[in-house]
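Results of the structural survey
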Amino acid sequence: MLRAGKFLLIAIILLYGCSPQVEQPKKVGPIVENAMVVSAMEEASAIGVQIMEKGGNAFDAMMATEMALAVCYPFAGNLGGGGFMVYRMADGSIGSLDYREKAPGAADRDMYLDEEGNIIPGLSTQGALASGIPGTVAGVFEAQEKFGKLDPKEILEPVIELAQKGWAVRQRQANSFERLRETFIEVNGPNTFYSKPYPEGTMLKMPILAETLRRISENGRDEFYKGKTAEMLVSHMDSIGGIFTMEDLANYEAVWREPVVFDYNGHRIISMAPPSSGGVTIGQILQMMEPYSVGNMEYHSAEHIQLMVEAERRAYADRNFYLGDPDFVDIPIEQLLDEEYLKARMSSFTPGKATKSEDIAKGEVLYAESMETTHYSIVDAEGNAVSVTTTLNGAYGSKVFIDDLGFFMNNEMDDFSSKAGEPNMFGLIGAEANSIQPGKRMLSSMTPTIVEKEGKLKFVVGTPGGSTIITSVAQVISNVVDFDMGMHEAVESPRFHHQWLPDRVIFEPGAFDSTLIQTMKSNGYLISEEYSRILGYVDAILVLPDGRLEGGADPRGDDSALGF
């Protein structure tokens, strides 16, 4: 019997072990019929969907989602920060809104330098002088007033209720609060709201923030920029050594801008223009790749990754030199996206061999970020779409928490070039185009993007991730366009990053084959597989061929895709 059993076992192994492997079904994200919100927190997605179920459109849901994130995602959701929005209406018309923060009127280009011209560590990242004039409230009111359907009071009611009743703290949030608790105390004093521990499962209620939101609901955007809230904000910043004035707030305006638009492999890409560097830089990366027929390469082969890394390297060299606030500097966008210029930029590319960043300077054209950001994507039942990225810059921004108002302030001033040639907190090297000037908007990596195919909405995409935002968005676009992935698969796929300087390729830890890594090293690439918090949490929506919507909520975070 033992011998018979042994032969039977061998037969089973031969039968099944040699049979063709059954291909595993692809992972698919949540699919809905009509409308969807994908954001960093389930509570925010749910409120955005609730507003659309009440008859609101994508712009009403934008206001609801953004304000809800300010409540339940203080890591990056905000009243004290800013952002960018790209939209596409159901009729195909497009546009974008810039509500990026601005330098205060008393700011100057050397404000973070000592008497010897050296950067004073921490001054642009923590405390009162790190903040720009916030744009978030102006941005959501501007977009909703122009395109929305509901009364802002109705939109903000569930957000106020969320602040009053609270939300359950996630494990990631609890860990984040605890890790920075001593810093919050250092910056704001021992009695500040976040001086207390908030373990996982805590129902975190924010009654003071609810009061602030109630005033904004009743009095509109001017409450934040000219009313009691503005007075409280300026008073607090002044008391801790800041340079904000009532005039700075009163003068703030969100700005409508023409988006960056380019074609890639049969698709039309619509992305954010400067002072976001995102649209121009993904345009350069993708169009430098396009002549090499990426879709015919083996996915995540050394050939595929090297091509993208070399395109990233060259695009970031241009980003760091040419881009800034278009209201202050001339930016040669058409030339930076010119086909012949991009071919010339790739002329030094050699397959199988790394180009050294020290050999790549900015391209010669002829003319005289945060890692702790958050993104959300919305498509409504009418077919309108918005892609929105908003931020405080670093985690909890400058760490300045205004206890009388209930929110953190940004540390966006670090996104300026404090000194030409010196890296910021993300290692990005700046130049004169992004120097500090009063009233100027600082350069950003935020890349809210919408993609069309054959004149129809195809997908909405964006991510947080500081300097890795651009490369993450470019890779997800390529995943869908070149490799025909679904939205969840495209978002979940491992990512990598290169930004010119420092000259190294960051690979998502443990996600890539060791043989690939060794091949890249042998080709001359410096590789980092250390844990990186800045590879982004992509939130995206794909329109399926039958018109339904597939959500791509990044599993790396607590992100949520909801709809109806």
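Structure's up top.
Reference entry: report on the structure contained in this document. Since this is a predicted model, take the numbers as computed values, not measurements.

A word on the pattern of salt bridges
Using the criterion set out here, one finds 28 salt bridges in the structure. Glu492 is paired through a salt bridge with Lys27; the nearest N and O atoms lie 3.3 Å apart. Salt-bridge contacts for Arg441 lead to Asp98; the nearest nitrogen and oxygen are separated by 3.4 Å. Arg441 gets classed as buried once you look at its relative accessible area, which sits at 2%. What makes Asp98 buried here is its relative accessible area of 0%. Residues joined by salt bridges that share partners form a network here, namely Asp98, Arg257, Asp325, Asp327 and Arg441.

Points about the nonpolar core
Counting residues in hydrophobic clusters, the biggest one holds 83 residues, and the most contacted among them are Met62, Leu79, Met85, Tyr99, Tyr194, Leu213 and Ile378. Looking at this core, the element that brings in the most residues is helix 3 (residues 58–72), giving 12 residues. Leave out the neighbours within four places in its chain, and Met85 touches Phe59, Met62, Gly95, Ser96, Leu97, Tyr99, Ala143, Trp256, Met272, Val386, Ser387 and Val388. Counting residues in each nonpolar core, the second largest holds 82 residues, with Val86, Leu342, Met485 and Ala490 among its members.

Considering helix 5 (residues 152–165)
A rise of 1.5 Å per residue sets the reference length of helix 5, with its 14 residues, at 20 Å; its end C-alpha atoms lie 20 Å apart and thus fit the reference within 8%. The largest bend in helix 5 amounts to roughly 25° and is located at Pro158. Among all positions of helix 5, only Ile155, Leu156, Pro158, Val159, Ile160, Leu162 and Ala163 are buried. Against helix 2 (42–53), helix 3, helix 4 (136–147), strand 5 (167–168) and helix 8 (207–219) lie the buried residues of helix 5. One side-chain oxygen at the N-terminal end of helix 5 lies 2.8 Å from the backbone nitrogen of Lys153; it belongs to Asp151. Phi for Gly166, located one or two positions after helix 5, is positive at around 90°.

A word on the pairing of strand 10 (residues 373–379)
Counted residue by residue, strand 10 has seven buried out of seven residues, so it is predominantly covered. Side chains Thr373, His375, Ser377 and Val379 of strand 10 all project onto a buried face; the interleaved residues Thr374, Tyr376 and Ile378 project onto the opposite face, where all are buried too. Bridge count between strand 2 (residues 36–39) and strand 10: three bridges; the pairing is antiparallel. If you follow Val37 over to strand 10, its bridge partner there is Ile378. Pairing between strand 10 and strand 11 (residues 385–391): seven bridges, direction antiparallel. Residue pairing for strand 11: Val379 is matched across the bridge by Ala385. Hairpin remark: strand 10 followed by strand 11, antiparallel, with five residues in the connecting loop; positive phi at Gly383, about 100°.

A closer look at helix 18 (residues 514–522)
Turning to helix 18, its buried residues number three or more, namely Leu516, Ile517 and Met520. Along helix 18, the residues classed as buried sweep out an arc of 100° about the axis, all on the same side. Among the exposed residues of helix 18, those oriented more than 90 degrees off its buried face are Ser514, Thr515 and Ser522. Buried positions along helix 18 lie against helix 13 (302–322), strand 17 (505–507) and strand 18 (527–528). Between the side-chain oxygen of the N-cap and the backbone nitrogen of Thr515 there are 2.8 Å, and the N-cap of helix 18 in question is Asp513.

Some details on the side chain of Thr447
Mapping Thr447 onto the fold places it in the loop between strand 13 (407–408) and strand 14 (449–453). For Thr447, the residues in contact, after removing those within four places along its chain, are Ser271, Gly278, Gly279, Ile282, Thr389, Val461, Gly462, Ile469, Ile470 and Val473.

Describing the packing of aromatic side chains
Counted according to the given criterion, the structure contains 30 aromatic pairs. Between Phe177 and Tyr396 the ring centres are 6.0 Å apart and the planes differ by 45°, which places this aromatic pair in the tilted class. Note on accessibility: Phe177 and Tyr396 belong to one class, buried. Joined through ring pairs, the aromatic side chains of Tyr73, Phe75, Phe177, Phe184, Phe193, Tyr194, Tyr198, Tyr396, Phe401 and Phe408 make up one cluster. The ring of Trp256 has Lys146 lying over it, and the distance from NZ or CZ to the ring centre is 4.3 Å.

Topic: the sheet that holds strand 15 (residues 456–461)
Strand order across the open sheet formed by seven strands is 1-20-19-15-14-9-8, with antiparallel pairing between neighbours. The strands lining the two open edges of the sheet, one partner per strand, are strand 1 (31–32) and strand 8 (260–264). Of the strand pairs in this sheet, strand 9 (residues 267–271) and strand 14 are connected by four bridges, and their pairing is antiparallel. Looking at the pairing, Arg268 lines up with Glu452 of strand 14. Those strands touched by helix 12 (residues 278–289) are strand 8, strand 9 and strand 14, and its axis lies near 15° from that of strand 8.

Description of the packing of helix 5 against helix 8
The contact between helix 5 and helix 8 brings their axes to 8 Å, and the two run at 170°. As judged from the angle between their axes, helix 5 and helix 8 are roughly antiparallel. Contacts between helix 5 and helix 8 involve Lys153, Leu156, Glu157, Val159, Ile160, Ala163 and Gln164 from the former and Pro207, Ala210, Leu213, Arg214, Ser217 and Glu218 from the latter.

Conventions and cut-offs
Residues numbered from 1 in each chain as written. Predicted model: local features only at pLDDT ≥ 70, side-chain atom pairs only at ≥ 80, totals over all residues. Heavy atoms only, no water. Salt bridge = Lys/Arg side-chain N within 4 Å of Asp/Glu carboxyl O. Buried < 20%, exposed > 50% of the residue type's maximum accessible area, 1.4 Å probe, protein only. Core = buried A, V, L, I, M, F, W, Y, C linked by side-chain atoms within 4.5 Å. Helix = DSSP H or I, 4+ residues; strand = E, 2+ residues; numbered from the N terminus. Contact = heavy atoms within 4.5 Å. Expected span 1.5 Å × (residues − 1). Bend = angle between axes of the 7 residues up to and from the residue. Polar contact = N/O pair within 3.5 Å; in protein donor to acceptor, adjacent residues only side chain to side chain. Pairing = 2+ DSSP bridges. Arc of directions from axis to C-beta. Phe/Tyr/Trp six-rings, centres within 6.5 Å; stacked < 30°, edge-to-face > 60°. Lys NZ or Arg CZ within 6 Å of the ring centre and 35° of its normal. Axes fitted to C-alpha atoms, helices over the stretch in contact; angles between N-to-C directions. Parallel < 35°, antiparallel > 145°, perpendicular 65-115°, else oblique.

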